[in-house]
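A structural walkthrough
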Amino acid sequence: MLEIKFVRQNLSEVEKALSARGDTADLETFKTCDEKRRKNLAEIEDLRHRRNVVSDQIAGMKKTGENADVLVLEMREVSGRIKELEKSLSADEEMVSKILMGIPNIPHASVPMGADETDNPLLKQVGERPSVAFEPKPHWDLGEALGILDFERASKITGARFPLYLGQGARMERALINFMLDIHTTEHGYKETLPPFMVNRQTMTGTGQLPKFEADLFKLEGWDYFLIPTAEVPVTNIHQNEVLDEESLPVYYTAYTPCFRSEAGSYGKDTRGLIRQHQFNKVELVKFSKPETSYDELESLLDNAETILKRLELPYQVITLCTGDLGFSAAKTYDIEVWMPAQGVYREISSCSNFEDFQARRANIRFKRKGKKGTELVHTLNGSGLAVGRTFAAILENCQQADGSVVIPEALRPYMGGSEKL
RNA sequence: GGAGAGAUGGCCGAGCUGGCUGAAGGCGCUCGCCUGCUAAGCGAGUGUGUGGUGAAAGCUGCACCGAGGGUUCGAAUCCCUCUCUCUCCGCCA
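Residues numbered from 1 in each chain as written. Chains lettered and ligands numbered in written order. Predicted model: local features only at pLDDT ≥ 70, side-chain atom pairs only at ≥ 80, totals over all residues. Heavy atoms only, no water.

**What about the overall build of chain A?**
Check the secondary structure of chain A and you find twelve helices and 13 strands. Each principal axis of the C-alpha distribution contributes one length, and for chain A these read about 100 × 50 × 40 Å. Here chain A holds 422 residues, and 51% of them are scored as buried. When contacts within chain A are restricted to residue pairs at least 6 apart in sequence, long-range pairs at least 24 apart make up 74% of them. When the accessible surface of chain A is totalled, it reaches about 20500 Å², and 50% of it is carbon and sulfur. Of the charged side chains in chain A, 53 are positive and 64 negative, and the gap between their average positions amounts to 4 Å. (Helix = DSSP H or I, 4+ residues; strand = E, 2+ residues; numbered from the N terminus. Buried < 20%, exposed > 50% of the residue type's maximum accessible area, 1.4 Å probe, protein only. Contact = heavy atoms within 4.5 Å. Areas by Shrake-Rupley, 256 points an atom, 1.4 Å probe, with all protein chains shown as cover. Lys, Arg positive; Asp, Glu negative; His and termini not counted. Charge placed at Lys NZ, Arg CZ, Asp CG, Glu CD.)

**Some words on the environment of A133**
Inspection of the secondary structure assignment puts A133 in the loop between β1 (122-126) and α5 (139-146). Overall, A133 belongs to the exposed group, its relative accessible area being 88%. Spatially, the C-alpha atom of A133 lies 9.8 Å from that of Q401, the residues being 268 residues apart in sequence.

**Notes on the environment of V243**
Position of V243 relative to the elements: it lies in strand β5 (residues 242-245). When the C-alpha positions of V243 and Q343 are compared, they lie 48 Å apart, and in sequence the two are 100 residues distant. The residues contacting V243, other than those within four sequence positions of it, are R366, F367, K368 and T375.

**Brief notes about the protein's contact with RNA strand B**
By nearness alone, 20 residues border RNA strand B, and E45, H49, R76, S79 and T375 come closest of all. Protein-adjacent atoms of RNA strand B, using a 4 Å cutoff, are sugar or phosphate at a proportion of 75%. Residue R48 places a side-chain N or O atom 3.0 Å away from a sugar or linking oxygen belonging to RNA strand B. For RNA strand B, a sugar or linking oxygen lies 2.8 Å from a polar atom in the side chain of H49. Of all the secondary structure elements, the ones that give two or more residues to the surface near RNA strand B are α1 (4-9), α3 (27-64) and α4 (69-101). The element that contributes the greatest number of residues to the surface near RNA strand B is α3, accounting for nine residues. Each residue belonging to the surface near RNA strand B can be placed in one class, and the counts come to five nonpolar, six polar and nine charged. (Near = heavy atom within 4 Å. Polar contact = N/O pair within 3.5 Å; in protein donor to acceptor, adjacent residues only side chain to side chain. Nonpolar A, V, L, I, M, F, W, Y, C, P; charged D, E, K, R; others polar.)

**Quick look at the confidence of the model for chain A**
Model confidence for chain A is summarised by a mean pLDDT of 92, while 100% of its residues fall at 70 or above. In the predicted complex, the global pTM is 0.91; the interface-specific ipTM is 0.87. (pLDDT = per-residue confidence, 0-100.)

**Here's the deal with unusual backbone geometry**
With omega at 5°, the peptide bond leading from L210 into P211 counts as cis. The linkage connecting L249 with the following residue, P250, adopts the cis geometry, with an omega of -5°. By secondary structure assignment, the location of P250 is in the loop between β5 and β6 (251-260). At R161, a residue that is not glycine, the phi angle is positive and equals roughly 70°. Tracing the backbone through its elements, the reader meets R161 in the loop between α6 (151-157) and α7 (168-186).

**Thoughts on the sheet that holds strand β9 (residues 332-340)**
An order of β1-β8-β9-β10-β13-β7-β6-β2 is seen for the eight strands of this open sheet, with the pairing classed as mixed. Unpaired on one side and paired on the other, β1 and β2 (191-193) mark the two borders of the sheet. Adjacent strand axes in the sheet meet at a mean angle of 25° when their direction is disregarded. Its contacts with the sheet place α7 against β2, β6, β7 (279-289) and β13 (379-387), and it is angled at close to 10° to β7. (Pairing = 2+ DSSP bridges. Axes fitted to C-alpha atoms, helices over the stretch in contact; angles between N-to-C directions.)

**A closer look at the packing of α3 against α4**
Taken N-terminus to C-terminus, the directions of α3 and α4 make an angle of 150°; their axes are 8 Å apart at the nearest point. Comparing the axis directions of α3 and α4 gives the class roughly antiparallel. In terms of crossing hand, the pair formed by α3 and α4 is left-handed. Tallied by class, residues from the contact of α3 with α4 come to 19 nonpolar, five polar and twelve charged. (Parallel < 35°, antiparallel > 145°, perpendicular 65-115°, else oblique. Left-handed = near helix turned anticlockwise from the far one by under 90°.)

**Some points on helix α2 (residues 11-21)**
Turning to α2, its buried residues number three or more, namely V14, A17, L18, A20 and R21. Each buried residue of α2 lies within a common arc of 160° when the element is viewed along its axis, so the set occupies one face. Residues of α2 that are exposed and point over 90 degrees away from its buried face: S12, K16 and S19. In this structure, the buried residues of α2 make contact with α1 and α3. Looking at the residues trailing α2, positive phi occurs at G22, about 70°. (Arc of directions from axis to C-beta.)

**Looking at empty space enclosed by the protein**
As enumerated under the stated definition, the model contains two cavities of 30 Å³ or more in all. In this model, the largest cavity occupies a volume close to 40 Å³. Looking at the lining of the largest cavity residue by residue, the class counts come to four nonpolar, two polar and one charged. Volume-wise, the second largest cavity comes out at about 30 Å³. (1 Å grid on protein atoms, 1.4 Å probe; cavity = no way out; pocket = protein on both sides within 12 Å on 5 of 7 lines; lining within 4 Å. Points joined across faces, edges and corners; volume = space filled by probe spheres on them.)

**Examining the nonpolar core**
In this structure, M172, L176, F392, I395, L396 and L412 are the most contacted members of the largest nonpolar core, which totals 53 residues. No other element matches the eight residues that α7 contributes to this core. Ignoring any residue separated from it by four or fewer positions in sequence, one finds M172 in contact with F392, I395, L396, L412, M416 and L422. Of all hydrophobic cores here, the second largest spans 17 residues; its members include L2, V96, F328 and F358. (Core = buried A, V, L, I, M, F, W, Y, C linked by side-chain atoms within 4.5 Å.)

**Quick word on the pattern of salt bridges**
Counted according to the given criterion, the structure contains 23 salt bridges. Between D34 and R8 there is a salt bridge; the shortest N-O distance is 3.0 Å. On the criterion of sequence distance, the pair formed by D34 in helix α3 and R8 in helix α1 is long-range, its members being 26 residues apart. Linking R369 and E292 is a salt bridge whose minimum nitrogen-to-oxygen distance equals 3.0 Å. Taken together, the residues span a long stretch of sequence, with R369 in the loop between β11 (365-368) and β12 (376-377) and E292 in the loop between β7 and α10 (294-311) at a distance of 77 residues. Judged by relative accessible area, which is 49%, E292 ranks as partly exposed. Put simply, R201, E214, K219 and D224 are held in one network by salt bridges that share partners. (Salt bridge = Lys/Arg side-chain N within 4 Å of Asp/Glu carboxyl O.)

Here it is, written out as structure tokens:
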């Protein structure tokens, strides 16, 4: 959420940011409701002031035994008027907040202009793509042939877009989770967390998934709870409604969780394999920082995620999302894309974003500077470190041999009981 | 699922027969004094949000005692609904 004052005073800038994103919002209604709201509020506060003063008078008169009937009668009217005005005030407030909650973050000045993903500039490419003398097979064929993935049985158990890992496959998924968590906790300074996989509406609103994107979420029937689409949601909300100490910043958390996404609107896309599932595993990195260091923190967060791919010796590239492809809450985002030889494309495996104070304002996460009055909003950041299912798929495709076997990356072998091959 | 108790400021904890209580007292923290260091002692200060005014320090209006609604001239205090926590019983990994 943007600050209401900022929107009021910078309507044209907000308008510009919206159009750069290819988004819209009813700023006209915002303006009229906000003005009306402020005018009403001023009158209400005057009346309340009068009521407070006179109520004290009444109390004093009652004490000395004077008759206060005239004042009581007058205040009865004042209270009625207040109630009336409050009614129209809350209608305007609701409208203003509804519009405000639907306005995306302002892209950072360094974010390139662009319409969609085809305009995302390449930042760098790392690692050698495997040069193979044979036609590389897609990971779903490899996985099924090796008996470590079974999509048919998964769809029997639940439906389409759910994974079933078996044997060494299940073990490698678990190995990857531990491998990633170990690196982030022991080498990068993140604190490991294991949060709830379901969250309430307020939490979902705090990080920006609600109210605009309810269709993308799985909702529990009979409960106002949602399955998390990413660990970003529960972990960022750890400090919801808190004031952090300046000395405690920056705070780094990592978490493994499964992620649940309805994938509404993606019918027909990536229908095979592990790329687009309703349930997938992810190790997430979350940071809380002071505003002045958040962009440095974004760079190191990206580096932390890249480390995993480097250790696994998987070729990847990093792109900067342009204004048109930026997520709702993000001010700036880097995507890491891993090489998938069978499709001959790079696929997103991590998304690292700085949300600045956009989520902090919604979730009310602040910090206090030593020796200074008042509090400030923190900046929040997060990134995948990494999407586990997609990492699994990338290993199968990049490390496949002519005979259909897969060589396990060296760094992962200690987590696989020393096995060298699948 | 059944029965009961509770939710107050950074923390602990009064108030809860409605009105000088934005909130006693204590702890913590900050500044000053004192003491050859430390400890103890003394004095002052110390919530958040939002609006007005001011160059600023500040002054000032309104709101906030789990959340929402109600009664009343006036509510932390009374009533209703909800959420959460704790205790006991039942059930269960």
